[in-house]
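Structure at a glance
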There are 2 protein chains.
Amino acid sequence: MDKQISQAVIRRLPRYYRYLGELLDDGVERISSNDLSKRMHVTASQIRQDLNNFGGFGQQGYGYNVAYLHEEIGNILGVNETHNVIVIGAGNLGQAIAGYVKFERVGFKIIGLFDTNPDLKDKMVRDLPIKMLDELPDFIKNNDVEIAALTLPKANAKSTALKLVSLGVHAIWNFAHVDLDDIPDVVIENVHLSDSLMQLSYNITQQKK
Amino acid sequence: MDKQISQAVIRRLPRYYRYLGELLDDGVERISSNDLSKRMHVTASQIRQDLNNFGGFGQQGYGYNVAYLHEEIGNILGVNETHNVIVIGAGNLGQAIAGYVKFERVGFKIIGLFDTNPDLKDKMVRDLPIKMLDELPDFIKNNDVEIAALTLPKANAKSTALKLVSLGVHAIWNFAHVDLDDIPDVVIENVHLSDSLMQLSYNITQQKK
DNA sequence: ATGACTTTGTCAACAAATTAACAATTTCGT
DNA sequence: ACGAAATTGTTAATTTGTTGACAAAGTCAT
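Below is a short write-up of the structure. (Residues numbered from 1 in each chain as written. Chains lettered and ligands numbered in written order. Predicted model: local features only at pLDDT ≥ 70, side-chain atom pairs only at ≥ 80, totals over all residues. Heavy atoms only, no water.)

Some points on the packing of aromatic side chains
For any pair of aromatic rings, geometry is given as the distance between the ring centres together with the angle between the planes. Convention followed: Only rings of Phe, Tyr and Trp enter the pairing, Trp through its six-membered ring, and a pair is recorded when the two centres are within 6.5 Å. The plane angle decides the type: under 30 degrees is stacked, over 60 is edge-to-face, the rest tilted. Secondary structure elements follow DSSP: runs of H or I of four or more residues count as helices, runs of E of two or more count as strands, with numbering from the N terminus. Each residue is placed in one exposure class: buried if its accessible area under a 1.4 Å probe, protein chains only, is under 20% of its type's maximum, exposed if it is over 50%, and partly exposed if it falls in between. Here, a charge over a ring is recorded when the distance from Lys NZ or Arg CZ to the ring centre is within 6 Å and its angle to the ring normal is within 35 degrees.
This model, assessed by the stated rule, comprises 8 aromatic pairs over all chains. Between phenylalanine 54 of chain A and tyrosine 202 of chain B the ring centres are 6.5 Å apart and the planes differ by 85 degrees, which places this aromatic pair in the edge-to-face class. Of this pair, phenylalanine 54 of chain A sits in the loop between helix 3 (44-52) and strand 2 (58-59) while tyrosine 202 of chain B sits in helix 8 (residues 193-208), each in a different chain. Judged by its relative accessible area of 4%, tyrosine 202 of chain B is buried. Arginine 30 of chain A extends its terminal NZ or CZ atom over the ring of tyrosine 62 of chain A, reaching a point 4.4 Å from the ring centre.

Remarks on the sheet that holds strand 1 (residues 30-31) of chain A
Residue and element names in this part refer to chain A. We apply this condition: Two strands are said to pair when DSSP picks up at least two bridges between them.
Pairing is antiparallel in the open sheet, where 3 strands are placed in the order 1-3-2. Every interior strand has two partners, whereas the edge strands, strand 1 and strand 2, have only one. Across 2 bridges, strand 1 lies against strand 3 (residues 63-65) in antiparallel orientation. In the sheet register, arginine 30 faces strand 3, and the bridge partner there is asparagine 65.

Some words on the protein's contact with DNA strand D
Which entries qualify depends on this criterion: Residue proximity to a molecule or strand is established when one non-hydrogen atom of the residue lies within 4 Å of it. Side-chain atoms alone can form a polar contact between residues adjacent in sequence; in general such a contact is a pair of N or O atoms within 3.5 Å, and within protein one must be able to donate a hydrogen while the other accepts it. All residues other than Ala, Val, Leu, Ile, Met, Phe, Trp, Tyr, Cys, Pro, Asp, Glu, Lys and Arg, Gly among them, are scored as polar; the first ten of these are nonpolar and the last four charged.
Around DNA strand D, 27 residues are found, and the nearest of them are Ser33 and Arg48 of chain A together with Arg30, Ser45 and Gln49 of chain B. Taking the atoms of DNA strand D that fall within 4 Å of the protein, sugar and phosphate contribute 62% of them. Here a phosphate oxygen of DNA strand D sits 3.3 Å away from a polar atom, N or O, in the main chain of phenylalanine 57 of chain A. Between DNA strand D and the protein, one listed contact pairs a base nitrogen with a side-chain N or O atom of serine 45 of chain B at 2.8 Å. Taken together, the elements giving at least two residues each to the surface near DNA strand D come down to helix 3, strand 2 and strand 3 of chain A together with helix 3 (44-52) of chain B. Ranked by residues supplied to the surface near DNA strand D, first place goes to helix 3 of chain B with 4 residues. Across the surface near DNA strand D, the residue classes break down as 4 nonpolar, 18 polar and 5 charged.

Brief notes about the pattern of salt bridges
Put simply, the rule reads: Salt bridges are counted wherever a side-chain nitrogen of Lys or Arg sits within 4 Å of a carboxyl oxygen of Asp or Glu.
This structure, assessed with the given rule, holds 17 salt bridges over all chains. Of the charged contacts, one joins arginine 15 of chain A and aspartate 179 of chain B as a salt bridge, the two residues approaching to 2.7 Å between their closest N and O atoms. Here aspartate 179 of chain B lies in the loop between strand 9 (171-174) and strand 10 (187-190) and arginine 15 of chain A lies in helix 1 (residues 7-25), a pairing that spans two chains. For aspartate 179 of chain B, a relative accessible area of 12% translates into the label buried. Put simply, Arg15 and Arg18 of chain A together with Asp179 and Asp181 of chain B are held in one network by salt bridges that share partners.

As for the nonpolar core
Note the cut-off: Residues belong to one nonpolar core when they are buried, are Ala, Val, Leu, Ile, Met, Phe, Trp, Tyr or Cys, and are joined through side-chain atoms within 4.5 Å. Contacts are assigned to residue pairs that have any heavy atoms within 4.5 Å of one another.
Membership of the largest hydrophobic core comes to 104 residues, with the highest contact counts inside it found for Trp173 of chain A together with Trp173 of chain B. Other than its neighbours up to four places away in sequence, tryptophan 173 of chain A contacts Ile97, Val101, Ile147, Ala148, Ala149, Leu150, Glu189 and Val191 of chain A together with Leu193, Ser196, Leu197 and Leu200 of chain B.

Focus: the relation of the copies chain A and chain B
Applicable threshold: The copies were overlaid by least squares, fitting only the C-alpha atoms of residues that reach a pLDDT of 70 or more in each copy.
Its rotation angle being 180 degrees, the transformation that places chain A on chain B also includes 0.0 Å of axial translation and leaves an RMSD of 0.1 Å. On this basis, the relationship between the two copies can be described by a two-fold rotation axis. For chain A, the minimum C-alpha distance to the rotation axis belongs to alanine 96 of chain A and amounts to 3.2 Å.

Quick word on the interface of chain A and chain B
Interfaces are frequently sized by the accessible area removed from exposure as the parts join. The condition that has to hold: Once two parts are joined, some of their accessible surface, as seen by a 1.4 Å probe, is lost; buried area is that loss totalled over both.
Between chain A and chain B, the residue contacts involve 64 residues of the former and 64 residues of the latter. Together, the buried faces of chain A and chain B total about 5700 Å²; carbon and sulfur atoms form 58% of this surface. It is Leu197, Met198 and Tyr202 of chain A that lose the most area in chain A upon contact with chain B, and together they represent 12% of the buried surface on that side. Taken together, chain A and chain B are joined by 8 salt bridges. Between the two partners, chain A and chain B, sit 31 residue pairs in polar contact (both at pLDDT 80 or more). Elements that contribute at least two residues to the side of chain A that touches chain B include exactly helix 1, helix 4 (66-77), helix 5 (92-104), strand 9 (171-174), strand 10 (187-190) and helix 8 (193-208) of chain A. Top element by residues in the side of chain A that touches chain B is helix 8 of chain A. It accounts for 15 residues. For the side of chain A that touches chain B, the residue count by class is 31 nonpolar, 16 polar and 17 charged.

With respect to the pairing of strand 9 of chain B
Residues and elements named next belong to chain B. This is how it is decided: If you view a crossover with the strands going away from you and the path from the first strand over the helix to the second runs clockwise, you call it right-handed.
The two faces of strand 9 match: Ala171 and Trp173 on one face and Ile172 and Asn174 on the other face are all buried. Bridging between strand 8 (residues 147-150) and strand 9 involves 3 bridges; their strand directions are parallel. Note that in strand 9 the partner of alanine 149 across the bridge is tryptophan 173. On the question of chirality, the crossover connecting strand 8 to the parallel strand 9 by way of helix 7 (residues 154-166) is right-handed. Here strand 9 pairs with strand 10 via 4 bridges, running parallel. Considered in strand 10, the bridge of tryptophan 173 is made with glutamate 189.

As structure tokens, this is what we get:
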């Protein structure tokens, strides 16, 4: 029944959430779509349109209550509940992502770090021991793992993703430079650093003209 | 005179480039928009439309020559020339990004790694010494720095970006969780890991319904 | 060499996303 | 308590992006 909301809108929600968090920290109580639009460099119309996909959070003549709207967008995004995360691939990027989520993102909790390299077995990365991939089935059985971050070479990404899904992990944060389509019953979010860098490269070339 | 090409198209180019690279590795000589569309799960029409923004790379009745098209898209993206990159912020993420670009991305060369923490001064990260931020002006003067990756706390991101631009670096790969708008004469490419994770979180919540 | 087949490049139709406009409602100073 | 000002939610208009259709051009087997 709920109409499907476009990913274009979803992509903008975290940004709203961030600006509202900053306003909250600054002790701002209320804000109008117009004021927010000026800060964020988007149209006020878009803000109102976006928010109204989820309900009427504002009030005519008054605007939006910052704390309330922040809370509501947090609920929509699901960041007010805890999500357990494991990281597959304990290379530099894996360790960095593990640390990043741990220290920067409330709502997400790193509970495991895995690799295939036996030299890394039980090595501590801050307070987490690196486990071997064959410990994964037991680990998932005994822990409520919701998200797996894939920070491993692309050759292993697809098979690992399939294994994760069969073990019951249905959300993948994919840093491997490969598309994980054709996998049913899983939500994929890609972070393709190479693509991002190439986009930057294109825009540099353009600017020079 | 050149019509402006939409970022929607640009965002897709790296993916074409990747698929073509794989075809090339597999020794495939030619491919039609139809075959490629099946592999990539996009419409053939979109592929043809996208490519034609940049010129007619194909041939009726034959399709596209894989090597040629790969090369051409590489040129468009600017990955066939070398771009020197420095990384500002030598924390976990900074070190991981430095390593990532170094080992995974031809066309981009990491030539410097900077931080403000004096404890890190001259510490080696693989073959690069961590330099202090006050060495930046001299470094940029003596090296052709095209891109700066910003992997530092958001509190310092804006001022650092301004400094970089004033020193002549006009492209920023921004990993700090802050918007660097209002800065003139600079191309920004954002990698907001938090936003990506929240988007994933939203889509998980949706799937559960 | 011929003709059936393939496939592009491009125009037109369609769909989606963004922006503008404005009635309805609330605020707020007097 | 009143009226001007502010501001939302929502509909309509506009713009942008995607897909479909097909003439034109080239391929390839015979």
